[in-house]
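# A look at the structure
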Amino acid sequence: MNNTLIISLFLAAAFILPNLCHALPAPCTQEQLLESSNFAIEGTVTKVECEAPYESQECSAKDDAKSFVPELLAKCTAYAKVSENIKGQYNKGDEAVIPYLQLVQNCENGTHIIPGSPVKNFVPNSVIKYYNSEQCKYWNYLQISTPPSNN
């Protein structure tokens, strides 16, 4: 009886542990974000420029490849007018340059590689907080407010 339980636990661990290594890391604390960043700002996004979308290579087709739609990403740059310098070289009124990846098309009918590349969505005229932390790259961006809609 005990051997069956031990073998069952071992097999469960063997199947679960490899999948955990691909999971997103735990969110960073405010201190970790600040410590691991060269600069951190709060500001308003003034402009966003993106290159042509490309296949991320982070999504593979399931059995039926006919309905598979790959994930598309675009290399983008957001420009933000700094309202508060949290850390680093930017002063109030400066324009911070923020390179990022933006999701253009979701992976459909495929298996996504976890965790994949961290993607963001900067919206012009939105107020943001951004830390340029590579260590905390999945958690380094917060959209504080969005621009009012023109309805």
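Residues numbered from 1 in each chain as written. Predicted model: local features only at pLDDT ≥ 70, side-chain atom pairs only at ≥ 80, totals over all residues. Heavy atoms only, no water.

This next bit is on the overall build of the protein chain. For the protein chain, the count of helices and strands is two helices and eight strands. When the helices and strands of the protein chain are read in sequence order from the N terminus, they spell out α-α-β-β-β-β-β-β-β-β. Scored against the burial criterion, the 151 residues of the protein chain give a buried share of 26%. Look at the contacts in the protein chain between residues 6 or more apart in sequence, and 63% of them connect residues 24 or more apart. With the model as given, the accessible surface of the protein chain reaches about 9900 Å², and the carbon-plus-sulfur share is 55%. (Helix = DSSP H or I, 4+ residues; strand = E, 2+ residues; numbered from the N terminus. Buried < 20%, exposed > 50% of the residue type's maximum accessible area, 1.4 Å probe, protein only. Contact = heavy atoms within 4.5 Å. Areas by Shrake-Rupley, 256 points an atom, 1.4 Å probe, with all protein chains shown as cover.)

What follows concerns the pattern of salt bridges. Following the criterion strictly, the structure yields three salt bridges and no others. Lys47 serves as the salt-bridge partner of Glu49, at 3.4 Å between the closest nitrogen and oxygen. Classification of Lys47 as partly exposed rests on a relative accessible area of 40%. (Salt bridge = Lys/Arg side-chain N within 4 Å of Asp/Glu carboxyl O.)

Take the layout of surface pockets next. In this approach a probe as big as a water molecule rolls over the atoms, and the regions it shows empty are the leftover space. Roughly 240 Å³ of volume is contained in the largest pocket. Around the largest pocket, the lining residues are Pro99, Tyr100, Leu101, Ser117, Pro118, Lys120, Tyr130, Asn132, Ser133, Glu134, Lys137 and Asn140. If you tally residues by element for the lining of the largest pocket, the top one is strand S5 (residues 95–105), at three residues. In the lining of the largest pocket, the residues fall into five nonpolar, four polar and three charged. (1 Å grid on protein atoms, 1.4 Å probe; cavity = no way out; pocket = protein on both sides within 12 Å on 5 of 7 lines; lining within 4 Å. Points joined across faces, edges and corners; volume = space filled by probe spheres on them. Nonpolar A, V, L, I, M, F, W, Y, C, P; charged D, E, K, R; others polar.)

A few words on the state of the cysteines. Should the sulfur atoms of two cysteines be covalently bonded, the bond is a disulfide. Taken as a whole and judged by the stated rule, the model has three disulfides. Paired through a disulfide, Cys28 and Cys136 show a sulfur-sulfur distance of 2.1 Å. On the sign convention where negative means left-handed, the S-S torsion of about -95° between Cys28 and Cys136 marks this disulfide as left-handed. In this pair, Cys28 sits in the loop between helix H1 (2–20) and helix H2 (30–35) while Cys136 sits in the loop between strand S7 (127–131) and strand S8 (141–145), placing the two residues 108 residues apart along the sequence. Two residues, Cys59 and Cys107, share a disulfide whose sulfurs are 1.7 Å apart. Taken together, the positions of Cys59 in strand S3 (residues 59–61) and Cys107 in the loop between S5 and strand S6 (110–112) put the pair 48 residues apart, joining distant regions of the chain. Of the residues examined, Cys59 reaches a relative accessible area of 9% and is grouped as buried. (Disulfide = S-S within 2.5 Å.)

So, about the packing of aromatic side chains. Each aromatic ring pair is specified by the distance between its two centres and by the angle formed by the two planes. Counting across every chain of the model gives six aromatic pairs. Ring geometry for Tyr100 versus Phe122: centroids 4.5 Å apart, planes at 55°, classification tilted. Of the two residues, Tyr100 is situated in strand S5 and Phe122 in the loop between S6 and S7; the sequence distance between them amounts to 22 residues. With relative accessibility at 3%, the residue Phe122 sits in the buried group. An aromatic cluster of three or more residues is present, and its members are Phe39, Tyr90, Tyr100, Phe122, Tyr130 and Tyr141. (Phe/Tyr/Trp six-rings, centres within 6.5 Å; stacked < 30°, edge-to-face > 60°.)

This brings us to the pairing of S7. Side-chain positions along a regular strand alternate between the two faces of the sheet. Relative to S7, strand S1 (residues 40–50) runs antiparallel, the two being bridged by five bridges. Looking at the pairing, Glu42 lines up with Lys129 of S7. Across four bridges, the pairing between S7 and S8 is antiparallel. Paired with Val127 across the strands is Ser145, a residue of S8. (Pairing = 2+ DSSP bridges.)

This next bit is on the nonpolar core. Of all hydrophobic cores here, the largest spans 16 residues; its most connected members are Ile41, Tyr90, Ile98, Phe122, Ile128 and Tyr130. The biggest single contributor to this core is strand S4 (residues 72–87), with five residues. Counting five residues, the second largest nonpolar core, distinct from the first, contains Cys28, Leu33, Tyr131 and Cys136. (Core = buried A, V, L, I, M, F, W, Y, C linked by side-chain atoms within 4.5 Å.)

Purely geometric stuff here, so don't read any function into it on its own.
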